[in-house]
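Below are the chains, spelled out letter by letter.
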Amino acid sequence: MAKFNDIKGFIFDLDGVITDTARFHTQAWHQLADKVGAPWSQELEDNLKGVSRMDSLEMILNAGGLSNNYSDEEKEQLATEKNTNYLALVDQMTPDDILPGIKDFLDSLKANHYAIALASASKNGPRVLGKLELTDYFPTIVDPATLSKGKPDPEIYIKGAEALNLQPEQCIGIEDAAAGVEAINGAGETSVGIGSAKLLHEADIIFPTTKDLTLANIQKAMG
Ligand code: BG6
Ligand code: MG
């Protein structure tokens, strides 16, 4: 693992790290799976986390052996329908929906002059940050529309470090999904997983909740 003193920047996932939108994505996808008759399982739910919109739809259709039943245009329509349902939930969010400890952590990063970037697969990232009134903390956002491959490919975290003018070894990535942890590790950055140690066992550092996300705890974990 890198040394804490070499760290200059923090690259954040959004859904499930900064706010609990992972729950809204799940709700909207589950609704769509029921509509098309695809089976839902805890494993599918876990595997969808961090995955782009169209890749998520494919995974759901594949779970029901349904992928060939829909044209590309129909798939676009299904994805749009899911997104409309998802945004109806997002638009009710307020700054109270920031996960515990995140605001303090962002403030401590700013106070200590760390660079901050967002590396979310979500095309709704700026809208969610706006609802949370966190836009000003994230002057640097990797645009997922520019990616040739989504998480677990490392591209989004590599681009995040580049956007901050840092080497990957100088960056810590923070994720709640196994696909995201794999992306951070593949980029050569230090990975912090938030959530279940069972799901996130490949992370360099694991914290059970966002409340544990402090510079002091990260320093301790990096030794
Ligand atoms: C990721 C979420 O952050 O963004 C996934 O973990 C989601 O669940 C993906 O599918 C794409 O999001 P959006 O908002 O562009 O559909
Ligand atoms: Mg996430």
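Quick caveat: nothing in here was measured; it's all calculated off a predicted structure. (Residues numbered from 1 in each chain as written. Chains lettered and ligands numbered in written order. Predicted model: local features only at pLDDT ≥ 70, side-chain atom pairs only at ≥ 80, totals over all residues. Heavy atoms only, no water.)

Draft legend 1. Just the coordination of the magnesium ion (ligand 2), in detail. All of the protein donors around the magnesium ion (ligand 2) are Asp13 (OD), Asp15 (O) and Asp176 (OD); their distances to the metal are 2.0 to 2.1 Å. Each donor residue of the magnesium ion (ligand 2) belongs to the same chain, with the gaps between them written as D-x1-D-x160-D. In this pair, aspartate 13 is assigned in the loop between β1 (9-12) and α1 (21-36) and aspartate 176 in the loop between β4 (171-175) and α8 (178-187), connecting sequence segments 163 residues apart. Note on aspartate 13: relative accessible area 4%, which makes it buried. (Donors = N, O, S within 2.8 Å, 3.2 Å for Na, K, Ca; no water. Helix = DSSP H or I, 4+ residues; strand = E, 2+ residues; numbered from the N terminus. Buried < 20%, exposed > 50% of the residue type's maximum accessible area, 1.4 Å probe, protein only.)

Draft legend 2. Geometry of the pairing of strand β5 (residues 190-194). Along β5, 5 of the 5 residues are buried, which leaves the element largely enclosed by surrounding structure. Here β5 shows two buried faces, one formed by Thr190, Val192 and Ile194 and the other by Ser191 and Gly193. Across 4 bridges, the pairing between β4 and β5 is parallel. Residue isoleucine 172 lies in a different strand from β5, and its bridge partner there is threonine 190. The parallel pair β4 and β5, bridged by α8, forms a crossover whose chirality is right-handed. As paired strands, β5 and strand β6 (residues 205-207) are joined by 3 bridges and run parallel to one another. When the bridges of β6 are listed, isoleucine 194 appears paired with phenylalanine 207. (Pairing = 2+ DSSP bridges. Right-handed = clockwise from strand over helix to strand, strands pointing away.)

Draft legend 3. Spotlight on the site of ligand 1. The environment of ligand 1 is made up of 14 residues, and the closest members are Asp15, Arg53, Ser122, Lys123 and Asn124. Interatomic distance of 2.7 Å between a backbone N/O atom of lysine 123 and an oxygen atom of ligand 1. Protein contact buries 97% of the 390 Å² of open area that ligand 1 shows by itself. Taken atom by atom, the bulk of ligand 1 overlaps the largest pocket. At the level of elements, α1 and α3 (53-63) are the ones that each hand at least two residues to the shell around ligand 1. Looking at the shell around ligand 1 residue by residue, the class counts come to 4 nonpolar, 6 polar and 4 charged. (Near = heavy atom within 4 Å. Polar contact = N/O pair within 3.5 Å; in protein donor to acceptor, adjacent residues only side chain to side chain. Areas by Shrake-Rupley, 256 points an atom, 1.4 Å probe, with all protein chains shown as cover. 1 Å grid on protein atoms, 1.4 Å probe; cavity = no way out; pocket = protein on both sides within 12 Å on 5 of 7 lines; lining within 4 Å. Sits in = over half its atoms within 2 Å of the grid points. Nonpolar A, V, L, I, M, F, W, Y, C, P; charged D, E, K, R; others polar.)

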